[in-house]
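Chain and residue survey
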Amino acid sequence: MMQIYADNAATTKMSRTAIDAMLPYMERTYGNPSSLYRIGQEAAEALQDARCRIAALLGCEPREITFTSGGSEADNQAIVSAARNGARRGKKHIVSTAFEHHAVLHTLKKLEKEGFDVTYLDVHATGLVSPEEVRAALRPDTCLVTIMYANNEIGTIEPIPEIGLVCQEAGIPFHTDAVQAAGHVPIHVKAQHIDMLSLSAHKFHGPKGVGVLYARKSLPLVSLIEGGAQERGRRAGTENVPAIMGMTAALEEACAHMAENAAHVTAMRDQLIAGLSRIPHSALNGDVTHRLPGNVSFCFEGIEGESLILYLDDKGISSSSGSACTSGSLDPSHVLLAIGRPHQVAHGSLRLSLGEDITAEEVDYLVRSVAEVVQRLRDMSPMWRDLVSGKKEFVLK
Ligand SMILES: *Cc1c(COP(=O)(O)O)cnc(C)c1O
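Just so it is clear, the structure is predicted and the values come from calculations on it, not from any experiment.

On to empty space enclosed by the protein, then. Here the structure, examined in full by the defined rule, presents 1 cavity of 30 Å³ or more. What the largest cavity holds in volume is close to 260 Å³. Considering the residues around the largest cavity, the lining is formed by 22 residues, among which Q180, H184, G294, L354 and E356 are closest to the centre. Considering each element in turn, the lining of the largest cavity owes the most residues, 4 residues, to helix α8 (residues 258–277).

As structure tokens, then:
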């Protein structure tokens, strides 16, 4: 039986390069970067080196980089900072979308309880936000636009440079959660008119628990953690030097091989999409062309995503479903609902996120396994029986 890890949007295997870049900072240069003796100062120098290398990869200045504990913290800090800056000038309106990551959505919900007004833009059937609709949503009291670079469930890549330009022309800070994009598609914050950006190392073969918040130097950041003056007062706590070094090496490696990786993974993705499209009463989620190289997201009518995941696991395949059963709720994915999938269809979702080492044979195995499991689940499903007997109407033709 094949073993295929197809959940790279959830997290990735660490690369050898990233692990090797971390070890010296655990075994030898383990000093506290705030200490004055040599191994402390060597750690501080490594940290500064990492900051310069990350800044070069993103197209910004080193002092515009803040190291965080990951994507969630970066999202929280970006949004809370922009909100506090806005509130001081009486601006309490934020523009976002309904299909952001929960790190963004839950932060916005908290701000709404504090009296902020949030406009959630329509993401339409393919998940694409229209820059013109962003422009139309802006108000004199708008203090932030936050729209993700690429969606983690359906893979749609947003027109970020165009949205950034709209915000720049209006003089409104623009934040993007680029956790799914970083290391996978080209990012240049200045050329793409991005004022704040979040990324997370474990989505591009770096370690877990470390990320970056880029914030244009004119945008003051509010510290979420009280304590020491690390990160120029923007994040207290001894810096995670090994993880930061691993992240930096992983991002450099991903960017150096981006074009060839994207070409290969995109070809495998399209082969997988073509294969799964042959399953009757199924539909691809997200945009066909404006799409992350490795993302394949489908809905299959008449089944439950959770059982699909478990049966695929029995076939050696690690995959994911949009529905949030793990959180104890039976609500289907907010992303699939946002693109207009009805509840009963959104429940039958499957996300396969491919790694760079995926092969054509593995794609064939994925297609065969999914088709087989979908058929088996449909044969057992009362929902499916109602559909084929004509008692209920198919949504996906
Ligand atoms: C994974 C992910 C996050 C959270 O990042 P962590 O480092 O796990 O906190 C945020 N946004 C998106 C789009 C993600 O895919």
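There is more to say after this.
Glancing now at the site of the ligand. Taken together, 13 residues are adjacent to the ligand, and S72, D177, Q180, S200 and K203 come closest. At 2.6 Å, a side-chain N or O of S200 approaches an oxygen atom of the ligand. Within the side chain of K203, one N or O atom sits 2.8 Å away from an oxygen atom of the ligand. Counting residues per element, the shell around the ligand draws most heavily on helix α3 (residues 71–88), at 3 residues. Among the residues forming the shell around the ligand, the class breakdown is 2 nonpolar, 8 polar and 3 charged.

Strand-to-strand pairing in sheets goes through backbone hydrogen bonds, with the strands running parallel or antiparallel. The mixed open sheet is built from 7 strands, whose spatial order is β2-β8-β7-β6-β5-β3-β4. Whereas interior strands pair on both sides, the edge strands pair on one side only; in this sheet they are β2 (65–68) and β4 (117–121). Pairwise comparison of adjacent strand axes, ignoring direction, gives a mean angle of 20° for this sheet. Here helix α2 (residues 38–58) sits on the sheet in contact with β2, β7 (196–200) and β8 (211–215), set at roughly 115° to β2. Against the sheet, helix α4 (residues 102–113) engages β3 (93–97), β4, β5 (142–146) and β6 (174–177), with an angle of about 145° to β4.

Next up on the list: the state of the cysteines. Following the criterion strictly, the structure yields 0 disulfides and no others. Summary of cysteine pairing: C255 is not part of a disulfide, and the nearest cysteine sulfur, belonging to C60, is at 12 Å.

If you check the backbone angles, H124 has positive phi at about 60° while not being a glycine. Structurally, H124 can be placed in the loop between β4 and α5 (131–137). The phi angle at H205 is positive, at roughly 75°, despite the residue not being glycine. Tracing the chain through its elements places H205 in the loop between β7 and β8.

Time to look at the pattern of salt bridges. This model, assessed by the stated rule, comprises 21 salt bridges. E252 is the partner of R53 in a salt bridge, and the nearest nitrogen-oxygen pair spans 2.8 Å. With R53 in helix α2 and E252 in helix α7 (residues 241–256), this residue pair connects regions lying 199 residues apart in the sequence. Ionic pairing is found between R269 and D270, a salt bridge with its closest N-O pair at 2.9 Å. Because the salt bridges share partners, they merge into one network encompassing D49, R53 and E252.

With that settled, the discussion passes to α2. Over its 21 residues, α2 runs 30 Å from end to end, which matches the ideal 30 Å to within 8%, given 1.5 Å per residue. In this structure, the buried side of α2 is in contact with α1 (16–27), β2, β7, β8 and α7. Looking one or two places after α2, you find G59, whose phi comes out positive at around 85°.

You can see G171 is positioned in the loop between α6 (160–170) and β6. G171 sits 27 residues away from L144 along the chain, and the two C-alpha atoms are 9.8 Å apart.

Rules behind the numbers
Residues numbered from 1 in each chain as written. Predicted model: local features only at pLDDT ≥ 70, side-chain atom pairs only at ≥ 80, totals over all residues. Heavy atoms only, no water. 1 Å grid on protein atoms, 1.4 Å probe; cavity = no way out; pocket = protein on both sides within 12 Å on 5 of 7 lines; lining within 4 Å. Points joined across faces, edges and corners; volume = space filled by probe spheres on them. Helix = DSSP H or I, 4+ residues; strand = E, 2+ residues; numbered from the N terminus. Near = heavy atom within 4 Å. Polar contact = N/O pair within 3.5 Å; in protein donor to acceptor, adjacent residues only side chain to side chain. Nonpolar A, V, L, I, M, F, W, Y, C, P; charged D, E, K, R; others polar. Pairing = 2+ DSSP bridges. Axes fitted to C-alpha atoms, helices over the stretch in contact; angles between N-to-C directions. Contact = heavy atoms within 4.5 Å. Disulfide = S-S within 2.5 Å. Salt bridge = Lys/Arg side-chain N within 4 Å of Asp/Glu carboxyl O. Expected span 1.5 Å × (residues − 1).

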